[in-house]
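# Commentary on secondary and tertiary structure
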Number of protein chains: 2
Amino acid sequence: MGPTEEHWIRLCEIALRIIRSNLDRSRVKTLKIFSDLAVDDDIRRLLEDGVAPHQVIRPAKPAASVLAKSEPDPALTEADIAFGQPDAAAVLVSPRLRWIHLTSAGYTRFDTPGFRAAAGERGLAVTNSSMVYAEPCAQHVLAFMLAHSRRLPTGLGTRCGNGSAAWLQLRGTSRLLRGQKVVLLGFGSIARHLVEMLRPFGMRIVATRRKPRGDEGIEILTGERLAAGLAEADHVVNLLPDNPDSAHFVSAERLAAMKPGAVFYNIGRGTTVDQAALAAALRSGHLDAAWLDVTDPEPLPPGHPLLGLPNCFITPHTAGGHGNESETLVRHFLDNFRRFVDGAPFLDQVM
Amino acid sequence: MGPTEEHWIRLCEIALRIIRSNLDRSRVKTLKIFSDLAVDDDIRRLLEDGVAPHQVIRPAKPAASVLAKSEPDPALTEADIAFGQPDAAAVLVSPRLRWIHLTSAGYTRFDTPGFRAAAGERGLAVTNSSMVYAEPCAQHVLAFMLAHSRRLPTGLGTRCGNGSAAWLQLRGTSRLLRGQKVVLLGFGSIARHLVEMLRPFGMRIVATRRKPRGDEGIEILTGERLAAGLAEADHVVNLLPDNPDSAHFVSAERLAAMKPGAVFYNIGRGTTVDQAALAAALRSGHLDAAWLDVTDPEPLPPGHPLLGLPNCFITPHTAGGHGNESETLVRHFLDNFRRFVDGAPFLDQVM
C-alpha cells in the first residue's frame with residue numbers, strides 16, 4: 001500500500017469519526033425536566049438557559065410554595081427529572097423519572113420505607129435543598145438565641161426609665177452567652193453553620209447525631225448520655241427532621257430532663273416535639289422560654305396551648321427564607337444538574 | 001570585738017529592722033474608697049474583702065442606677081478613691097481624691113475641657129467600666145442585626161400560613177448577612193468584640209476611628225472617605241460616645257449619604273444623632289429601619305417623632321446589662337484597685 005492509499009484511508013477514518021460523533025450527538029436524548037417551582041421570568045430564564053439544550057416542562061398549575069406539595073400532574077409522567085415538590089405517589093407511577101430534586105430541606109413525604117424501597121429498586125435518586133436553607137436557618141437560630149438573651153421582646157415593648165425597677169429587672173435578666181452550654185439535637189448542615197457562628201461566643205456546644213462520623217468537631221452525645229447533657233444545657237436547639245424515628249423525640253420525659261430555666265428552640269419540624277408537654281413546661285416555668293419556627297400543625301389553630309403563653313415565641317416557618325431564595329434554589333439545582341449529566345456525585349443526596 | 005558582741009550587734013540590727021518595718025507598715029495610709037454602687041450583701045462583701053485593709057465608705061443614699069449621677073456627698077470629701085457615679089463638681093472639690101473609677105462606659109459628665117484640665121493639674125486618674133459592657137453591647141448589636149435580617153418583629157406577630165401572600169412576603173424580605181457591608185462609627189472595645197462575632201458571617205466591615213492606630217485589623221475610613229463608605233453600607237452601626245465632637249455626628253447630611261434601604265443601629269449615645277433627621281429618613285423609607293438602644297432623652301417623651309414609626313425599634317438602654325453586672329463591675333474595679341496599689345497601669349483609663 002502506497003502513501004496515497006494510506007492518506008485516503010486516514011482521511012476516511014477521520015470523516016467516519018466525525019460523522020459517527022455527530023450521529024451520537026444527535027442521538028443524545030433531550031432530557032425533560034419537570035419543574036413546579038413558581039418563579040419570575042428572570043429565574044425561569046436562568047433555569048431554562050442552565051439546562052439547555054434540555055427542556056423544562058411545567059405543570060398546569062404551579063405549587064403555591066416550596067413547602068406545599070403539588071397535585072399529581074400528567075406532565076410528570078413524561079419527565080426524566082423533577083425539580084420542585086412533586087407528589088410522592090405520582091413520582092412512583094412516572095416510569096421515566098430517574099432523579100427528583102426537592103426545593104425544601106425536609107423530605108418527609110418521601111421518607112417512608114415504601115418509597116425508599118421503590119426508589120432503590122428502579123434507581124431513582126432523591127436530592128434536597130438542604131444547603132440552600134442551612135445558613136439562613138442557622139442565622140434564624142442565632143437570632144432567636146440573642147433576641148432571648150438580650151430580652152428583645154420585653155425591651156422593645158417598654159419605655160421604662162433608667163434606674164426604674166422595670167429597667168433594673170430588664171438589665172438584670174439579660175444574659176451573656178459566654179460560658180453557657182448548648183445541646184444541638186441533630187447534626188447536619190444547619191448545625192455545622194451554627195457551630196461556626198457560635199465559635200466567638202465562647203459557649204460549650206455538644207450535639208446528638210444518629211450516626212456519629214467523628215468529623216463533627218464537637219462532642220457527640222450518644223443515646224444514654226443525652227439526659228445528662230440536657231440537664232446541663234442552658235439552650236436546647238432542636239434541628240431534627242420529620243421522620244418515623246424523630247416523632248415526639250422531644251418528649252415529656254426529655255423536657256423534664258432539661259435544666260430548670262433552659263431555653264428550647266425548634267427549627268427542625270413541629271412533629272418532633274410533644275407540644276402539650278412543651279406547653280406544660282413553659283406554663284410551669286420549668287423552661288424559661290421556647291422559640292419555635294415550626295409547629296404541628298402550621299399555623300397552630302386558635303386556642304392551641306402554645307398560643308398566648310408569654311414565654312413562647314413563634315415565627316411561621318420562615319427560618320430558611322432569604323431574599324433571593326428562588327435564585328439560590330435554581331442555582332443549587334443547576335449545580336446538581338451538571339453533576340447528573342456528568343455522572344458526578346450529587347450534592348445533598350438523601351436517597 | 002569578740003564573737004559574743006558581734007552576735008548581740010547582729011541581733012539588735014535584726015530587731016531594729018523588724019521594729020522599723022512594723023512602724024512603716026502602721027504608717028501605710030488606710031485608703032478610703034467612696035462607693036455609691038447599690039449592691040446586695042454578697043457583692044458588698046466581695047468589694048470590702050477585695051480592698052481590705054482599706055476602707056469602703058458609702059454615701060447616705062446610694063445612686064439609683066449605674067447611669068444616674070448621684071448628688072454631691074460629704075463622704076466624698078474624705079475619700080481617696082471614688083468607685084461609682086460621683087458628681088463631677090463634687091469630685092473637683094474633694095481634695096484627697098486621686099482616682100475615680102466609673103461604673104459606666106460613658107463618662108460624658110467628666111469629658112469637658114474644664115474637668116480634664118483640673119484632673120490633669122492635680123493628677124486625678126479617671127477609669128471607666130468599658131470592658132464590662134463591651135461584650136454584652138456587642139451581643140446586643142448582633143441581636144438587633146439578626147432580629148432585623150430574620151424579620152423577627154413581623155414574624156413573631158403573625159400566624160400566616162405556609163404559602164400565603166404574607167408568608168411569601170416575610171420569607172422574601174428576610175436576608176442573609178453574608179456578603180453585606182457594615183460601617184462601624186467608632187472603634188473601641190465594643191467594635192472589637194463585634195468584628196470578632198461577625199467574622200463567621202462573611203460580611204465586609206469597615207470602621208471610623210478618631211485616631212487610627214493601625215492595629216484595628218479592618219479598614220479604617222478617614223474623614224473624607226466616610227460618605228462613600230456610608231453610600232455602600234447595608235448596616236451602619238453607631239458606637240460613638242457622647243462628647244463635644246460627637247454631637248449630632250449622625251447628621252441629616254450623613255443620613256442622606258446612606259444607601260437607600262440601609263439599616264441604622266445606635267448603641268452609643270442618643271446625642272450623637274440628629275433624631276429629627278433620623279425620623280424623617282425612616283418615615284420616607286430612605287432607611288429600611290433603625291434599631292436604637294439609646295435616645296436623647298431617655299426615655300423619649302410621648303409624641304416624639306421616633307415613637308410609633310413601624311420601622312423604629314427601641315430598647316431602653318439595656319445593651320450593656322447582663323445577669324451578674326454588679327459582680328463584674330466590682331471585679332473590674334478590684335482589678336484596677338490592685339493596679340493602683342501596685343502602681344501598675346490601669347485598665348480602661350480615660351484620663
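Residues numbered from 1 in each chain as written. Chains lettered and ligands numbered in written order. Predicted model: local features only at pLDDT ≥ 70, side-chain atom pairs only at ≥ 80, totals over all residues.

## Overview of the overall build of chain A
Looking only at helices and strands, chain A features 12 helices and 12 strands. Dimensions along the principal axes, computed over C-alpha positions, put chain A at roughly 105 × 45 × 45 Å. Burial status across chain A gives 42% buried among its 351 residues. Taking the intrachain contacts of chain A between residues at least 6 apart in sequence as the baseline, contacts between residues at least 24 apart amount to 62%. (Helix = DSSP H or I, 4+ residues; strand = E, 2+ residues; numbered from the N terminus. Buried ≥ 20, exposed ≤ 12 C-beta atoms within 10 Å, placed from the backbone. Contact = placed C-beta atoms within 7 Å.)

## What about the interface of chain B and chain A?
The interface is formed by 52 residues belonging to chain B together with 52 residues belonging to chain A. Of all the elements in the fold, those that place two or more residues in the side of chain B that touches chain A are helix H6 (130-149), helix H7 (152-155), helix H8 (165-173), helix H9 (189-198) and strand E12 (312-314) of chain B. Per-element tally for the side of chain B that touches chain A: the top contributor is H6(B), with 9 residues. For the side of chain B that touches chain A, the class distribution of residues is 23 nonpolar, 18 polar and 11 charged. (Nonpolar A, V, L, I, M, F, W, Y, C, P; charged D, E, K, R; others polar.)

## Here we look at unusual backbone geometry
Of note, the amide linkage connecting A:Glu298 to A:Pro299 takes the cis form, showing an omega dihedral of -15 degrees. Mapped onto the elements of the fold, A:Pro299 is located in the loop between strand E11 (287-292) and strand E12 (312-314). Phi at A:His317 takes a positive value of approximately 60 degrees, unusual for a residue other than glycine. Within the element layout of this structure, A:His317 appears in the loop between E12 and helix H12 (325-342). A tally of 25 C-beta atoms within 10 Å means that A:His317 is categorised as buried. A positive phi is found at B:Asp348, a non-glycine position, where the angle reads about 55 degrees. Note on placement: B:Asp348 falls in the segment after helix H13 (325-342). Judged by local crowding, B:Asp348 falls into the buried class, with 21 C-beta atoms found within 10 Å.

## Considerations on helix H12 (residues 275-283) of chain B
Residues and elements named next belong to chain B. Residues of H12 that are buried: Gln275, Leu278, Ala281 and Leu282. Taken end-on, H12 shows its buried residues confined to a sector of 115 degrees, consistent with a single buried face. Looking at the packing, one finds that the buried side of H12 touches helix H11 (252-257), strand E10 (262-266), strand E11 (287-292) and E12. Two residues or fewer after H12 comes Gly285, characterised by a positive phi angle close to 85 degrees. (Arc of directions from axis to C-beta.)

## Remarks on the nonpolar core
Within soluble globular proteins, side chains that are nonpolar generally end up buried alongside one another. Counting 164 residues, the largest nonpolar core has A:Val141, A:Leu184, A:Leu194, B:Val141, B:Leu184 and B:Leu194 as the members making the most contacts within it. In this structure B:Val141 touches B:Leu194, B:Val237, B:Tyr265 and B:Ile267, once residues within four positions along its chain are discounted. (Core = buried A, V, L, I, M, F, W, Y, C linked by C-beta atoms within 7 Å.)

## Overview of the confidence of the model for chain A
A residue-level look at chain A finds 92% of positions with pLDDT of 70 or above and a mean pLDDT of 91. Interface scoring of the predicted complex returns ipTM 0.78; its pTM is 0.79. (pLDDT = per-residue confidence, 0-100.)

## Comments concerning the relation of the copies chain B and chain A
Mapping chain B onto chain A calls for a screw motion: a turn of 180 degrees about the axis and a shift of 0.0 Å along it, with 0.4 Å RMSD after fitting. Those values place the two copies in the arrangement expected of a two-fold rotation axis. Closest to the rotation axis within chain B is the C-alpha of B:Ala143, separated from it by 3.0 Å. Counting the interface residues of chain B, we find that 100% of their copies in chain A are interface residues as well, pointing to one common contact surface. (Least-squares fit on C-alpha atoms with pLDDT ≥ 70 in both.)

## Overview of the domain arrangement of chain A
Assigned domains of chain A: these are domain 1 (31-128 + 324-342) and domain 2 (134-314). Relative placement of domain 1 of chain A and domain 2 of chain A: their C-alpha centres are 33 Å apart. (Domains from an automatic or database assignment.)

## Focus: the sheet that holds strand E4 (residues 99-102) of chain A
Residues and elements named next belong to chain A. Read from one edge of the open sheet, 5 strands run E2-E1-E3-E4-E5, paired in parallel fashion. Where the open sheet ends on each side, the last strands, each with one partner, are strand E2 (55-57) and strand E5 (125-127). Across the sheet, the mean angle from the axis of one strand to that of its neighbour is 20 degrees, orientation sign disregarded. By the bridge criterion, 3 bridges tie strand E1 (residues 32-35) to strand E3 (residues 81-84) in an arrangement that is parallel. Across the sheet, Ser35 pairs through a bridge with Phe83, a residue of E3. (Pairing = 2+ DSSP bridges. Axes fitted to C-alpha atoms, helices over the stretch in contact; angles between N-to-C directions.)

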